[in-house]
Amino acid sequence: MGKSKGGGRRRQAGVEAVVESVDGGLAELIPDRERARAWTLVIDGAPQSHVDLDDPAYLSFEYQRRLGHVIDLAAPPGRPVHAVHLGGGALTLARYVAATRPRSTQQVVERDGALVRLVRRELPLDPNARIRVRSADGREGLAKVPDGWADLVITDVFSGARTPGHLTSTEFLDDVRRALKPGGVYAANLADGPPLAHLRGQIATAATRFGQLALVADPAVLRGKRFGNAVLVGSDHPLPVAELTRLAASDPHPARVEHGRTLTDFTGGAVPVTDLAAVASPAPPASVFR
């Protein structure tokens with residue numbers, strides 16, 4: 001889909017879709033045909049987020065459901081947390097934390113200032129939610145998080161459907177570690193397809209910085225049968241692997257959880273990624289969004 005300098009609205013499912021240029025391309029907020037106040041954010045044809053304003057605890061996208069499970073297990077149910085979100089989209093996961101863990105304090109870092117303004121205007125946040133949104137590069141925003149502040153750091157950053165290379169390195173994870181409390185949890189939404197070189201490299205990179213890792217993904221993605229998302233989870237404390245496995249298996253699109261020796265073997269000898277060697281994640285094939 002090409003970019004447009006203009007904006008506007010068009011009818012879909014009896015409700016007007018919102019179409020507007022943002023820094024990252026042409027953004028569309030498309031109404032959900034089955035939910036009265038739900039919307040999908042699409043940028044240059046690539047679906048980015050889904051939000052239900054009436055039910056912010058509802059997660060439609062597979063990968064967001066998996067990140068939701070990580071959020072659910074990051075602390076006892078309902079306990080407020082300090083959360084950092086690198087990549088904002090339609091602020092779906094920040095809304096989820098606010099709904100499921102009231103009184104949580106959250107920082108969202110989203111580079112696309114025009115997108116932030118669009119989302120705030122069309123999909124307003126609950127004024128009582130303690131969510132601060134900063135328009136900055138993910139690494140620059142992370143650098144402003146105080147040492148040991150975060151219970152949870154979630155990375156879900158895509159530029160043109162690719163994760164920028166500087167958010168994939170050991171140096172980046174050093175700053176994640178700095179921002180996390182002892183026992184805090186890091187979760188990253190990764191996208192890759194056969195031969196899974198990017199995914200394997202990201203696991204090897206995280207293994208140099210976290211003592212405990214788990215990977216949540218569709219079995220077909222793990223087998224290299226198709227392009228898709230995988231959620232990588234890291235911590236220095238034991239991860240709730242059994243609970244995560246149960247939740248992932250019960251999803252509408254079940255996922256598998258790999259950890260321990262099986263996950264180490266999966267990396268296939270991939271080497272950690274440093275700033276000097278980091279490149280963006282691979283572009284998805286056009287067929288992914290059809």
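One can find the structure itself at the top, above this paragraph.
To keep things clear, this report deals only with the structure shown in the data block. Here the structure is a predicted model, which means the values were calculated and not measured.

### Considering the packing of helix 1 (residues 62-73) against helix 8 (residues 241-249)
Consideration 1: Direction vectors running N to C along helix 1 and helix 8 enclose 145 degrees, while the axes themselves pass 10 Å from each other. As for the relative orientation of helix 1 and helix 8, their crossing is right-handed in sense. In contact with His69, Val70 and Leu73 of helix 1, helix 8 contributes Glu243, Leu244, Leu247 and Ala248.
Consideration 2: Counted by class, the contact of helix 1 with helix 8 contains five nonpolar, one polar and one charged residues.

### Some words on the environment of Arg66
Consideration 1: Relative to the helices and strands, Arg66 is located in helix 1.
Consideration 2: Exposure remark for Arg66: the relative accessible area of 2% places this residue in the buried category.
Consideration 3: Taking the C-alpha atoms as reference, Arg66 lies 27 Å from Asp147; in sequence the two are 81 residues apart.
Consideration 4: When sequence neighbours within four positions are dropped, the list of residues in contact with Arg66 reads Val216, Ala217, Asp218, Asn229, Val231, Asp251, His253, Pro254 and Ala255.

### Regarding the side chain of Asp112
Consideration 1: Within the fold, Asp112 resides in the loop between strand 7 (105-109) and helix 3 (113-122).
Consideration 2: Polar side-chain contacts of Asp112 include one of 3.0 Å to the backbone nitrogen of Leu115.
Consideration 3: Setting aside residues no more than four positions away along its own chain, Asp112 makes contact with Val22, Asp23 and Gly24.

### Overview of the packing of aromatic side chains
Consideration 1: The final tally for this structure, using the stated rule, is two aromatic pairs.
Consideration 2: Ring centres 5.7 Å apart and planes at 5 degrees place the aromatic pair Tyr186 and Phe210 in the stacked group. Here Tyr186, found in strand 10 (residues 180-192), pairs with Phe210, found in the loop between helix 6 (197-207) and strand 11 (212-217); they are 24 residues apart in sequence, far enough to count as distant.
Consideration 3: Above the ring of Phe266, the side-chain terminus of Arg200 is found at 4.6 Å from the ring centroid.

### Let's talk about the side chain of Gln64
Consideration 1: With respect to the secondary-structure elements, Gln64 resides in helix 1.
Consideration 2: For Gln64, the side chain forms a polar contact with the side chain of Tyr63, separated by 3.3 Å.
Consideration 3: The contacts of Gln64, once residues within four sequence positions are left out, are Gln48, Ser49, His50, Leu59, Thr92 and Leu93.

About the cut-offs
- Residues numbered from 1 in each chain as written.
- Predicted model: local features only at pLDDT ≥ 70, side-chain atom pairs only at ≥ 80, totals over all residues.
- Heavy atoms only, no water.
- Axes fitted to C-alpha atoms, helices over the stretch in contact; angles between N-to-C directions.
- Helix = DSSP H or I, 4+ residues; strand = E, 2+ residues; numbered from the N terminus.
- Left-handed = near helix turned anticlockwise from the far one by under 90°.
- Contact = heavy atoms within 4.5 Å.
- Nonpolar A, V, L, I, M, F, W, Y, C, P; charged D, E, K, R; others polar.
- Buried < 20%, exposed > 50% of the residue type's maximum accessible area, 1.4 Å probe, protein only.
- Polar contact = N/O pair within 3.5 Å; in protein donor to acceptor, adjacent residues only side chain to side chain.
- Phe/Tyr/Trp six-rings, centres within 6.5 Å; stacked < 30°, edge-to-face > 60°.
- Lys NZ or Arg CZ within 6 Å of the ring centre and 35° of its normal.

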